[in-house]
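Below, each chain spelled out in residue letters.
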Amino acid sequence: MNTYPYIKNIEHEKILKIADQVNADAGQVVSKTLAQNDFVSVTLFAFAKGEEIGTHDSIGDAMVTVIEGTGKFVVDGKEYILNQGETLVMPAKKPHSVHAVEAFKMMLVVIFPLEQD
């Protein structure tokens, strides 16, 4: 049985700056889950300069939006540099990694298949 709130770890009915909701000190990658169920995941990330998440894949489509700074994303061997306000969709089952060329923050939304293999 679901419990409220569906969106968690963030104040409701208040105007917020999303980039202020997560911070990383030197040597850290910090994440804050805002929603998680069998169909969708919404997570904020903050990366200190030089940090990364190594190559992995997902059974769902992963959409990242950079909310502060600049990040490098490698999807199936191809590099993408994203700046604040830019979005990239990393297709399901394609290997990808995330690199902090400089300190940056992003929102990750993953949409999972209705029927999982």
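Computed from a predicted model, the values in this text were never measured in an experiment.

K.L.:
Help me understand the overall build of the protein chain in this model?
P.N.:
The helix and strand tally for the protein chain stands at zero helices and nine strands. What you see in the protein chain, going N to C, is helices and strands ordered as β-β-β-β-β-β-β-β-β. Against the 2.2 N^0.38 benchmark of 13 Å for 117 residues, the protein chain shows a C-alpha radius of gyration of 14 Å, consistent with a compact globule. The principal-axis extents of the C-alpha atoms in the protein chain amount to approximately 40 × 35 × 25 Å. The buried share of the protein chain, taken over its 117 residues, is 35%. Look at the contacts in the protein chain between residues 6 or more apart in sequence, and 61% of them connect residues 24 or more apart. Of the roughly 7400 Å² of accessible surface on the protein chain, 51% is carried by carbon and sulfur atoms. Positive and negative side-chain charges in the protein chain, numbering 10 and 16 respectively, have mean positions lying 4 Å apart.

K.L.:
Would you mind going over the sheet that holds strand S7 (residues 87-90) with me for this structure?
P.N.:
Strand pairing in a sheet relies on backbone hydrogen bonds, with the paired strands running either antiparallel or parallel. Overall, antiparallel pairing links the five strands, which are arranged S1-S2-S9-S4-S7 in an open sheet. Of all strands in the sheet, those bounded by a partner on one side alone are strand S1 (29-36) and S7. Direction aside, neighbouring strands of the sheet carry axes that sit 20° apart on average. Here four bridges tie strand S4 (residues 61-68) to S7, and the two strands are oriented antiparallel to one another. Bridged to Thr 65 within S7 is Thr 87.

K.L.:
Is there a simple way to explain the nonpolar core in this structure?
P.N.:
In globular proteins that are soluble, nonpolar side chains generally tend to be buried together. Core analysis: the biggest nonpolar cluster contains 17 residues, and Val 64, Phe 73, Phe 104 and Met 106 have the highest contact counts within it. Elements supplying a minimum of two residues to this core: strand S2 (40-47), S4, strand S5 (70-75), S7 and strand S9 (104-111). Per-element accounting of this core gives the leading share, four residues, to S9. If we ignore the near neighbours within four places in the chain, the residues touching Val 64 are Phe 73, Leu 82, Glu 86, Thr 87, Leu 88, Met 90, Met 106, Met 107 and Leu 108. Formed by 10 residues, the second largest nonpolar core is a distinct cluster that contains Ala 19, Val 22, Leu 34 and Val 42.

K.L.:
Whenever I open this one, the packing of aromatic side chains confuses me. Can you help?
P.N.:
For any pair of aromatic rings, the description rests on two quantities: the centre-to-centre distance and the angle between the ring planes. By the definition in use, this model includes three aromatic pairs. Among the aromatic side chains, those forming a connected cluster through ring pairs are Phe 45, Phe 47, Phe 73 and Phe 104.

K.L.:
What is the right way to look at the sheet that holds strand S8 (residues 96-99) in this model?
P.N.:
With antiparallel pairing, the four strands of this open sheet are ordered in space as S3-S8-S5-S6. Taken across any chain shown, the strands that pair with only one partner, and hence form the sheet edges, are strand S3 (52-56) and strand S6 (78-83). This sheet shows a mean twist of 15° between the axes of neighbouring strands, independent of strand direction. Note that S5 and S6 share six bridges and pair antiparallel. Residue pairing for S6: Lys 72 is matched across the bridge by Ile 81.

Thresholds applied
- Residues numbered from 1 in each chain as written.
- Predicted model: local features only at pLDDT ≥ 70, side-chain atom pairs only at ≥ 80, totals over all residues.
- Heavy atoms only, no water.
- Helix = DSSP H or I, 4+ residues; strand = E, 2+ residues; numbered from the N terminus.
- Rg over C-alpha atoms; globule rule 2.2 N^0.38 Å.
- Buried < 20%, exposed > 50% of the residue type's maximum accessible area, 1.4 Å probe, protein only.
- Contact = heavy atoms within 4.5 Å.
- Areas by Shrake-Rupley, 256 points an atom, 1.4 Å probe, with all protein chains shown as cover.
- Lys, Arg positive; Asp, Glu negative; His and termini not counted.
- Charge placed at Lys NZ, Arg CZ, Asp CG, Glu CD.
- Pairing = 2+ DSSP bridges.
- Axes fitted to C-alpha atoms, helices over the stretch in contact; angles between N-to-C directions.
- Core = buried A, V, L, I, M, F, W, Y, C linked by side-chain atoms within 4.5 Å.
- Phe/Tyr/Trp six-rings, centres within 6.5 Å; stacked < 30°, edge-to-face > 60°.

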